[in-house]
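In case you want the letters, here they are:
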Amino acid sequence: MRIALCIVIALFPAPALRFLSAEPALSGYLDSSVSLGAGAGDSPGFIYGLEEYANIRLQAEIREEAVFYGSFNLIASSGTYARAGALLASSTALSSLGLNPSALAAGENYAAGMELERLYFKVSRGKAVFQGGLVRMAFGWGLAFGPMDFLNPRNPLLPDARPRAVLGGDLAYYPAANAKIQAFSAAARDPFAASGAGTLAGLAGEYHGGRLSVQGLYAYESPHNTVPQGVHRFGLSLKGDFFAGLAAEMLYTFDPRLKSGEGGLAASLGLDYFFLDGDLYILAEYLYSGDGSSTVSSPGFTGNHYLFVNGLYRLSDYTSLNLGCMAALGDLSFTPVLALEHELFQGFTLSLNCQIPLDRSLSGGAAGEFGPLPPGAPAGRYFQSTVKTRLRF
């Protein structure tokens, strides 16, 4: 509670505290992870990583119409985790403006970092809701890939990755209980674009029927260095509850420079179902990823056809077993995934995740995208396992 009190005092000056309708709520979780594996290529034969990762969230209600949200991440890491963090920071740094190419502070024993994750407010008035700031904007109902969620496309091999936020806002209007109309805008990906080049704006709408729900999307990205004529995005997402849960989703990215318009389509089709009175959950989803689609840039998929299959079996009220496989159908490479999770007590879980990249290079054939050493990559892995504890508070 002392930490919560310090944060409240820092964020809410004394005169503003009287407007709070309830005491600010502090929550979050702490992940302690150990990763072990066998390296391929330029990686050492034995690779390891240690990480402490905390996600801390603060929420405060102001009167009955507004809510403040904030969250940030604290990270201390070494080994593979520290190297991955440094590579990510250096790849996104804007060194031309004199910024340090890494957001990590390296010490003798670990590298530490702090990341602002969310910082926004939400105001509700009747049938309208506005939220603005550093906020998560999510679109589509894809099961594993989510091609319409172009601001943060997903990779099923990274299930713990937190969706990124964008600096912007959206206004939602609910004409009926089962319908929503939404207008949104976000700042350019280059935060130093003083001219506003690359600003994003769009409209979305959704309707929920008895068994079928539909969501549509249009977004325009204004011209900037890499897309001098701007980019148009058109999306459609469907989910239905029939004999099984069905999800179909597509996002078409149109760049006027490409006269043929080819390569801009990302589309997924999936289904999920519960067996054995809910103890067994099965999910399968196919993804087509065009060469110029949204699923190429962020997750980094290099092929066109992918399949993800996953099965979760609940061994008891406290233990679950997960078996999955990510496959690139174009080059016949696979990454099977085995995961086990056990709740030691309420709010504290222990999990094990093992991934084994496989491709035809293991039998003398060509290397594949999800194999031990993907084409063009200097380093890879033959095996990766992670043991993690999560403490929620």
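Residues numbered from 1 in each chain as written. Predicted model: local features only at pLDDT ≥ 70, side-chain atom pairs only at ≥ 80, totals over all residues. Heavy atoms only, no water.

Let's shift gears to the overall build of the protein chain. Scanning the protein chain for helices and strands turns up four helices and 19 strands. Counting across all 393 residues of the protein chain, residues that qualify as buried make up 38%. A separation threshold of at least 6 residues defines the contact pool for the protein chain, and within that pool the share at least 24 residues apart is 51%. If you sum the accessible surface of the protein chain, you get close to 21400 Å²; carbon and sulfur atoms cover 63% of it. (Helix = DSSP H or I, 4+ residues; strand = E, 2+ residues; numbered from the N terminus. Buried < 20%, exposed > 50% of the residue type's maximum accessible area, 1.4 Å probe, protein only. Contact = heavy atoms within 4.5 Å. Areas by Shrake-Rupley, 256 points an atom, 1.4 Å probe, with all protein chains shown as cover.)

A separate point is the pattern of salt bridges. Applying the stated rule across the entire model yields nine salt bridges. Where Arg 233 meets Glu 221, a salt bridge forms, and the shortest distance between an N and an O atom there is 3.0 Å. In this pair, Arg 233 is assigned in strand 11 (residues 231–241) and Glu 221 in strand 10 (residues 212–221), connecting sequence segments 12 residues apart. Each member of the pair, Arg 233 as well as Glu 221, carries the same accessibility label: buried. Through salt bridges with shared partners, one network takes in Asp 31, Asp 160, Lys 388 and Arg 390. (Salt bridge = Lys/Arg side-chain N within 4 Å of Asp/Glu carboxyl O.)

Now for the pairing of strand 16 (residues 319–328). Counting buried positions over the 10 residues of strand 16 gives seven, a clear majority of the element. As paired strands, strand 15 (residues 305–314) and strand 16 are joined by nine bridges and run antiparallel to one another. If you follow Arg 314 over to strand 16, its bridge partner there is Ser 320. Between strand 15 and strand 16, which pair antiparallel one after the other, the connecting turn spans four residues. Here strand 16 pairs with strand 17 (residues 333–345) via 10 bridges, running antiparallel. (Pairing = 2+ DSSP bridges.)

So, on to the side chain of Asp 272. Looking at where Asp 272 falls in the secondary structure, it is placed in strand 13 (residues 265–275). The side chain of Asp 272 sits in the buried core without any salt bridge; Lys 239 is the nearest counter-charge, 10.0 Å away. Polar side-chain contacts of Asp 272 include one of 2.8 Å to the side chain of Tyr 281. When residues no more than four places from it in sequence are discounted, the contact partners of Asp 272 are Leu 143, Ala 244, Gly 245, Tyr 281, Ile 282 and Leu 283. (Lys, Arg positive; Asp, Glu negative; His and termini not counted. Polar contact = N/O pair within 3.5 Å; in protein donor to acceptor, adjacent residues only side chain to side chain.)

This brings us to the nonpolar core. Core analysis: the largest hydrophobic core is formed by 17 residues, its most contacted members being Met 137, Phe 139, Phe 150, Leu 151, Phe 184, Leu 200 and Leu 217. Elements supplying a minimum of two residues to this core: strand 3 (66–79), strand 8 (179–186), strand 9 (200–208) and strand 10. Not counting chain neighbours up to four residues away, the residues in contact with Leu 200 comprise Phe 150, Leu 151, Phe 184, Ser 185, Ala 186, Ala 219, Tyr 220, Glu 221 and Arg 233. Counting residues in each nonpolar core, the second largest holds 13 residues, with Ala 144, Leu 283, Phe 301 and Met 326 among its members. (Core = buried A, V, L, I, M, F, W, Y, C linked by side-chain atoms within 4.5 Å.)

Purely geometric stuff here, so don't read any function into it on its own.
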